[in-house]
Amino acid sequence: MEKREQLYEGKAKKVYATDDPAFVIVSYKDDATAFDGAKKGTIAGKGAINNRMTNMLMRKLEARGIPTHYVEELSERETLVKKVNIVPLEVIVRNVSAGHFASRYGVAEGIVFDSPVVEFSYKNDELHDPLLNDDHAIALGLATRGEIDQIRSCALRINELLKDILAEVGVTLVDFKLEFGKTAAGELVVADEISPDTCRFWDSRTGEKLDKDRFRRDLGNVEEAYEEMSRRLLGS
Ligand code: UDP
């Protein structure tokens, strides 16, 4: 497949057309942003780690029957994926209180939930991604009831799979964000990425943060945290 013109540049990735309209190439950058783009920086080596980690995890999801946009890793930073229309929802699954859950509801971080919490926000930069429920999403025409049901059950299955994969390497999956897309054929698939940019990973023994919170909160050892997750999940 031949790489063609750049279609889009986001905060952490670029997307290129290919000679086949059904496929695009994503290219992961080292750029990092937080707080709605107010904080900007770079995390050296992040693009390559997020690319390889996302692909490894998406291959594991595929192996368990969960459809994703993943097709083929092309290089350290580039991956061929199915072209999809992104459903404009950020789908967040939480196992432990942290981040906006803790601040919004005025509770401490680290409360372990009896069952996972699924949460949606409307992917809309101008509105700053407001939280919404399934009725809101349906009323706004962002997804159908059937799609929401499918997204929710898929997100919960993914949570169970990811929790197991991470537990094996001594990491607690605190929360994570998924995006779903629809292919031209109408198939709903997992898209975007699954990486320390989009998940909270805490060392199971020490509680040490091994994710983008090190960047957001200026905790130091940012690169080291990504490298540590890479070592544990990818072996290098
Ligand atoms: N998240 C993300 N992109 C966003 C918002 C959240 O990937 O635009 C991820 C975030 O990394 C965390 C989870 O979703 O793993 C829950 O995030 P939260 O709602 O607590 O917001 P945050 O504090 O990350 O802004």
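A short tour of the structure in this document, coming up. (Residues numbered from 1 in each chain as written. Predicted model: local features only at pLDDT ≥ 70, side-chain atom pairs only at ≥ 80, totals over all residues. Heavy atoms only, no water.)

For the rest of this paragraph, the subject is the site of the ligand. In the vicinity of the ligand lie 14 residues, with R94, H100, D175, R200 and R216 positioned nearest. Separating an oxygen atom of the ligand from a side-chain N or O atom of D175 is a distance of 2.6 Å. Interatomic distance of 2.9 Å between a side-chain N/O atom of R216 and an oxygen atom of the ligand. Of all the secondary structure elements, the ones that give two or more residues to the shell around the ligand are β9 (89–96), α2 (99–105), β12 (171–183) and β14 (199–203). (Near = heavy atom within 4 Å. Polar contact = N/O pair within 3.5 Å; in protein donor to acceptor, adjacent residues only side chain to side chain. Helix = DSSP H or I, 4+ residues; strand = E, 2+ residues; numbered from the N terminus.)

Attention now moves to the sheet that holds strand β2 (residues 13–18). One open sheet holds the 5 strands; their spatial order is β1-β2-β3-β7-β6, and the pairing between them is antiparallel. Strands at the two margins of the open sheet, each flanked by one partner only, are β1 (3–9) and β6 (70–73). Strand-to-strand, the axes of this sheet are offset by a mean angle of 30°, without reference to chain direction. (Pairing = 2+ DSSP bridges. Axes fitted to C-alpha atoms, helices over the stretch in contact; angles between N-to-C directions.)

Before going further, it helps to examine the packing of helix α1 (residues 46–63) against helix α6 (residues 222–234). Orientation of α1 relative to α6, taken along the N-to-C sense of each, is 30°, at an axis distance of 10 Å. Judged by the angle between their axes, α1 and α6 are roughly parallel. α1 and α6 meet at a crossing whose hand is left-handed. Counted together, K46, I49, N50, R52, M53 and M56 of α1 and Y226, E227, M229, S230, L233 and L234 of α6 form the full contact between these two elements. Among the residues forming the contact of α1 with α6, the class breakdown is 7 nonpolar, 2 polar and 3 charged. (Parallel < 35°, antiparallel > 145°, perpendicular 65-115°, else oblique. Left-handed = near helix turned anticlockwise from the far one by under 90°. Contact = heavy atoms within 4.5 Å. Nonpolar A, V, L, I, M, F, W, Y, C, P; charged D, E, K, R; others polar.)

With a phi close to 50°, D218 is a non-glycine residue in the positive phi region. Here D218 lies in the loop between α5 (213–216) and α6. The class for D218 is exposed, based on a relative accessible area of 60%. We note that N221 has phi near 50°; this positive angle belongs to a residue other than glycine. (Buried < 20%, exposed > 50% of the residue type's maximum accessible area, 1.4 Å probe, protein only.)

Turning our eyes to something else, we now look at the pattern of salt bridges. This structure, assessed with the given rule, holds 28 salt bridges. Across the pair R145 and D135 runs a salt bridge, and its minimum N-O distance is 2.9 Å. With R145 in helix α4 (residues 145–167) and D135 in helix α3 (residues 134–139), this residue pair connects regions lying 10 residues apart in the sequence. Given a relative accessible area of 45%, D135 falls into the partly exposed group. For D175, the salt bridge identified is with R200, shortest N-O distance 2.9 Å. Here D175 is found in strand β12, whereas its partner R200 is found in strand β14, with 25 residues between them in sequence. The residues D175 and R200 share a single accessibility class, namely buried. Members of the salt-bridge network, linked through shared partners, are R94, R104, E109, E119, D175, R200, D213, R216 and R217. (Salt bridge = Lys/Arg side-chain N within 4 Å of Asp/Glu carboxyl O.)

Let us now look at α6. Taking 1.5 Å of rise per residue, 13 residues should cover 18 Å, and α6 covers 18 Å from first to last C-alpha, within 8% of that figure. Where α6 is concerned, the buried positions are V222, A225, Y226, M229, S230 and L233. The arc that holds the buried residues of α6, viewed along the axis, is 140°, so those residues lie on one side. Buried residues along α6 sit against α1, α4, β12, β14 and α5. (Expected span 1.5 Å × (residues − 1). Arc of directions from axis to C-beta.)

Remember that the coordinates give geometry; whether it matters functionally is a separate question.
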